[in-house]
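# Coordinate inspection notes
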Amino acid sequence: MQVPHGSGASDQHGRGAVIGELVDRLTAPARRSVVLRGPAGIGKSHIANSVADRLLAETGGVAVRRVYGGESQQFLDFGALLHLLPLDAPPVAAEFELVQRLRRSLVEQAVPTVVVVDDVGTLDRKSAAVLEGVLRAGDVVVLATERTAPDGQRDDDHHLSSALSAHADPVLVAPLGRDALSRLLDDWEGPGELGSVRRLVAMSEGNPLALRELLQSARSSEAISQSDGLWHLADFAPGGSSLEHLVELHLRRLSESEWDLLRAIAIAGNLPRAVLVRLDVAALERLERAELVSGDPTRLDHPLYAEVIRHQLSGEETRRLYSKLASAVALDDGVDPARLAEWTLDAGAGIDDRTARSGAAVAIGRWENRLAQRLILSIVEPTVVDLVHLVWALANAGDLDEATSIADRAVEAATTEMERVDAGLALAELWSLQLGRSDEGYEHLLALRATLTDVDQMARVDGATALFMRMTGKGPLAEPATDSAVAIDATTDAARLSVAIANAFGEVFAGRYDAAGPFISTGYELAELLQEPHNTVRLAITDALRNLLSGRLDRAEEIVENRLQSADISLVRPAHAVWIGLAAQTASLRGDHAQAARRGREAVRAADHVDDIGAGGFVRGELRAALVEIGLDVTPDPLESPLGRARAELRLMGDSEVDAAAAALVRSGIDAGYLLWAPFIGLEAVRRGPAPKTSALVADLCAAHDGPLAAAIRDFAVGNADDDGETLARAATGFGAVGADTFALDALSNELEVNRSAGVDLFARRRRGLLARSIASRLRPHPSPRAAARLARISADLDLPSDRQLEIAHLVASGRSSKQVAAELIVSARTVDNHLAAVYRNLGISSRAELAQLPF
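As the structure is a computational prediction, the values presented were derived from the model and not from experiment. (Residues numbered from 1 in each chain as written. Predicted model: local features only at pLDDT ≥ 70, side-chain atom pairs only at ≥ 80, totals over all residues. Heavy atoms only, no water.)

Below, the discussion takes up the overall build of the protein chain. Of regular secondary structure, the protein chain possesses 43 helices and 10 strands. Summarising its shape, the C-alpha atoms of the protein chain cover approximately 105 × 85 × 40 Å along the three principal directions. Counting the 856 residues in the protein chain, one finds 53% classified as buried. Sequence-distant contacts, at least 24 apart, represent 67% of the contacts inside the protein chain between residues at least 6 apart. Total accessible area computed for the protein chain in this model is approximately 36,100 Å², and 52% of it derives from carbon and sulfur atoms. Separation of charge centres in the protein chain, based on 89 positive and 121 negative side chains, amounts to 6 Å. (Helix = DSSP H or I, 4+ residues; strand = E, 2+ residues; numbered from the N terminus. Buried < 20%, exposed > 50% of the residue type's maximum accessible area, 1.4 Å probe, protein only. Contact = heavy atoms within 4.5 Å. Areas by Shrake-Rupley, 256 points an atom, 1.4 Å probe, with all protein chains shown as cover. Lys, Arg positive; Asp, Glu negative; His and termini not counted. Charge placed at Lys NZ, Arg CZ, Asp CG, Glu CD.)

This part takes up empty space enclosed by the protein. A complete count under the given rule lists three cavities of 30 Å³ or more for this structure. In this structure, the largest cavity is lined by Leu548, Leu549, Gln585, Ser588, Leu589, Arg647, Arg651, Trp677, Phe680, Arg687, Thr742 and Phe743. Within the residue set of the lining of the largest cavity, elements represented by two or more residues are α26 (533-550), α28 (576-590), α31 (642-652) and α37 (741-758). For the lining of the largest cavity, the element with the most residues is α28, which contributes three residues. Class assignment for the residues of the lining of the largest cavity results in six nonpolar, three polar and three charged. (1 Å grid on protein atoms, 1.4 Å probe; cavity = no way out; pocket = protein on both sides within 12 Å on 5 of 7 lines; lining within 4 Å. Points joined across faces, edges and corners; volume = space filled by probe spheres on them. Nonpolar A, V, L, I, M, F, W, Y, C, P; charged D, E, K, R; others polar.)

Right, let's get into the nonpolar core. Formed by 114 residues in total, the largest nonpolar core has its most connected members in Trp579, Leu676, Phe680 and Phe735. Non-local contacts of Leu676, meaning those with residues more than four positions away in its chain, are made with Val508, Phe509, Tyr513, Leu545, Leu549 and His705. In this structure, Ala40, Val247, Leu276 and Leu287 belong to the second largest nonpolar core, which totals 54 residues. (Core = buried A, V, L, I, M, F, W, Y, C linked by side-chain atoms within 4.5 Å.)

Turning next to the pattern of salt bridges. Two side chains bearing opposite charge may form a pair once their charged atoms approach each other closely. The tally for this structure, following the rule as stated, stands at 64 salt bridges. The partner of Glu258 in a salt bridge is Arg286, and the shortest N-O contact between them spans 2.3 Å. Remark: Arg286 occurs in helix α12 (residues 273-289) and Glu258 occurs in helix α11 (residues 256-268); sequence separation between them is 28 residues. Note on Arg286: relative accessible area 32%, which makes it partly exposed. Taking the shortest distance from any N to any O, the salt bridge between Lys474 and Asp439 comes out at 3.5 Å. Placement of Lys474 in the loop between α22 (455-471) and α23 (475-487) and of Asp439 in helix α21 (residues 438-450) is noted, with a sequence separation of 35 residues between them. (Salt bridge = Lys/Arg side-chain N within 4 Å of Asp/Glu carboxyl O.)

It is worth spelling out the pairing of strand β8 (residues 230-233) at this point. Alternating residues of β8 divide into Leu230 and His232 and Trp231 and Leu233, and every residue in both groups is buried. Relative to β8, strand β7 (residues 224-227) runs antiparallel, the two being bridged by four bridges. Residue pairing in the sheet places Ser227 in a bridge with Leu230 of β8. Here β7 hands over to β8 after two residues, with Asp228 in that stretch at a positive phi of 50 degrees. (Pairing = 2+ DSSP bridges.)

Next up on the list: the packing of aromatic side chains. By the definition in use, this model includes six aromatic pairs. Residues Phe618 and Trp677 carry aromatic rings whose centres are separated by 5.7 Å and whose planes lie at 70 degrees to one another, so their mutual orientation is edge-to-face. Separated by 59 residues along the polypeptide, Phe618 in helix α30 (residues 613-629) and Trp677 in the loop between α32 (655-671) and α33 (678-686) bring together distant segments of the chain. Classification of Phe618 as partly exposed rests on a relative accessible area of 23%. Ring geometry for Trp677 and Phe680: centres 5.1 Å apart, planes at 20 degrees, overall stacked. The two residues Trp677 and Phe680 agree in class, both being buried. (Phe/Tyr/Trp six-rings, centres within 6.5 Å; stacked < 30°, edge-to-face > 60°.)

As a further point, take the environment of Asp655. As for its placement among the helices and strands, Asp655 is situated in helix α32. Take Asp655: its relative accessible area is 55%, and that puts it in the exposed class. A C-alpha to C-alpha distance of 15 Å links Asp655 and Glu753, two positions 98 residues apart in sequence. Looking at Asp655, its side chain comes within polar contact range of the side chain of Arg688, at 2.6 Å. (Polar contact = N/O pair within 3.5 Å; in protein donor to acceptor, adjacent residues only side chain to side chain.)

Quick look at helix α34 (residues 692-703) now. Quick reminder: α-helices carry 3.6 residues per turn. Residues three or four places apart thus point the same way. For α34, which comprises 12 residues, the first-to-last C-alpha distance of 17 Å matches the rise-based estimate of 16 Å (1.5 Å per residue) to within 8%. Within the sequence span of α34, burial applies to Thr694, Ser695, Leu697, Val698, Ala699, Leu701 and Cys702. Packed against the buried residues of α34 are α32, α33 and α35 (708-722). (Expected span 1.5 Å × (residues − 1).)

Next up on the list: unusual backbone geometry. For the bond running from Asp296 to Pro297, omega is 5 degrees, close enough to zero to count as cis. The topology assignment puts Pro297 in the loop between β9 (293-294) and β10 (299-300). Along the chain, Arg780 connects to Pro781 via a cis peptide bond; the corresponding omega equals 0 degrees. With respect to the helices and strands, the residue Pro781 is situated in the loop between α38 (762-778) and α39 (785-798). Of note in this structure, Gln531 is not a glycine but carries a positive phi near 55 degrees. With respect to the helices and strands, Gln531 occurs in the loop between α25 (513-530) and α26. For Gln531, a relative accessible area of 69% translates into the label exposed.

This part takes up the environment of Ala502. Assignment of secondary structure puts Ala502 in helix α24 (residues 493-509). Residues Ala502 and Ile520, spaced 18 residues apart in sequence, show a C-alpha to C-alpha distance of 9.9 Å. Those residues in contact with Ala502, other than ones at most four positions away along the chain, are Gly463, Ala466 and Thr482.

Okay, the packing of helix α8 (residues 194-204) against helix α9 (residues 208-220) next. Across the interface, α8 lies against α9 with an axial gap of 8 Å and an inter-helix angle of 130 degrees. Looking at the two axes, α8 sits oblique to α9. In this structure, the crossing between α8 and α9 has a hand that is right-handed. Taking contact as the criterion, the partners of Leu200, Val201, Met203 and Ser204 in α8 are, on α9, Ala210, Leu211 and Leu214. (Axes fitted to C-alpha atoms, helices over the stretch in contact; angles between N-to-C directions. Parallel < 35°, antiparallel > 145°, perpendicular 65-115°, else oblique. Left-handed = near helix turned anticlockwise from the far one by under 90°.)

Next up, the structure:
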């Protein structure tokens, strides 16, 4: 048996279920002892104590005794059991008398006894002997915790090893899952930035004790900072005696040669196995058997060990290891070029330009910006391409002034058309996407385009112009650039990639999500071929957008999640603010406005971290919209963009103003080329009820958009304009099908109000009212104040069953009998039946089969 990983719901039904199973096993007629095994800190004691508490609280007829091992008490004879005797117990003349008293204290007469033994491997010899006697005699069953090595293998035999092997079943306690550990961090420190939470969780390797020590290390080293209600890590290097002791417990058996190799792997991150075989094959194989390292390239299986080992090394030791690694391997060994370049640079022995360039290219691809900068600056005579790479490394790190200076230098140094385009696009991207100077960026691109004669370079500039203008709300300028790029018969992969990206963004921004798919696929292939990860990021953003806005929320979340796996604010990636913003948008659609606000705060900070003015302006406005949705009064941020602030402003308006204002903002979105976002602005009026001006615009827009979400929005707008309850019902169903609970509740509320005026059957409206209440209960932390007040008015008008009646109906609908419900709620079966009859009358149903079909 194994205690499973905890992840989401499986944590509750994982370790929680195992605790129940252990209780049953220890108290069943054929009861059996259990040994919980796992490495230090994995949660064995917590499970054992939870079982003991459950036994005392629920079973009644079981006696529980607790025994604790320990590093100190094992040197005291009977030390683990002496606490079982009264403090005023009379002295004993012989050891035999003491043993008898301890046996009587352990075993409850006429009642089954469970002895919980924590850290059984550290029991003193005589305490173990007493326990072995009562265990082998069958007087008690034992629930023991036993520390193992990280690979699950038991440490040296202890005094109770033989008895437990014969009389107890082993249960391996597996690591906690990411979600469970994230919740622990939230309990201990409050809400944290996604990347920082994941970094600590990854280093802890599922070990709650390791997680707590990591958090304490971050606190004591002042590596935790707070910003707008979220904590984050800054330059955190785990260390401290507690963490080092925890790692030492797991690595104490290593020989000196194994330690040397482990340090080399830790500081390298990973190394090809062939290189490690050359260094010390025997030590490598022992480390692999101990499950400390694995894979090819080989890396430590435990991120925490690598971090702590690196932190323990002195500067001189680090330089010595870097020098050893740099001299032991070469590029053709398959070593990661960025790591090899870093070792060579940090060894202080000088680095050749080829190694520096190769390492910088890989470092930029992974957005290791500081390393890339150091490597490029080590090149004696940098080329234009080197300078462009330096621009990216500086811009990605948020050093925009320095990036602009280097971009100007690259433009001045360029001589060939390709160099001029490389440098010119880098400068235009800075101006357009990060510095908020898109007009200057556009003028620069126009001037550059006029000087070109090579068709492939023309296509690159046209594609970039279309992309930059589209992303900065200048759709009318993007269209002719896209047309020009498409008309060119490009011959190089770089030019074809630029055209594919321009087409992909153009189709997505126009709401033609299906048509964008082939361009995105082509772009992915070309970006991989050219090894241009920054363009892969752009294509992934387009891919996530088209899935999100077409209603494929699960796929959008998958794309975003993949991009956020290693995101850390201290190593912030380009578009990190966009990815977090997309996560916030998805949460908002699903009705989790608390999560939307949390992710929105993080997106703002990520944008500020890299001085991304464009993304920052949008996510600031959307953050305020999320906060307004849950009823918070928030001061507008002057850095909000016009598009970003639109929904927040509309949510604050009165019902009499919102239609005209929303219609004007929708038209502005259309004029700017943001056809993909304009319907969502318009929804802020449509969701309130009749909105004739906005509904017509939204319906026309969504008629040309792809996907089930656009279809639901169109039905919502049309149903509103026509006072058509059937169309509004179809909209609510459509929103529900894609998981957009926020708008499903709005559409359903509109439907109920329209159908009341139309005189639709009361019973049918009440059943739809139940569905509205069910959807509202899923919104987090609660429906918006406006939606809640509206639903309360509708529910009162419908005269729905009481909460108590609905609670009983829900239990019966789940398959329970009236007697079972009565026992659970501590009422009579007659009361249950009376309430059930009232529900039947109220909803116009006559059977439990019909009841089971209703939403609760």
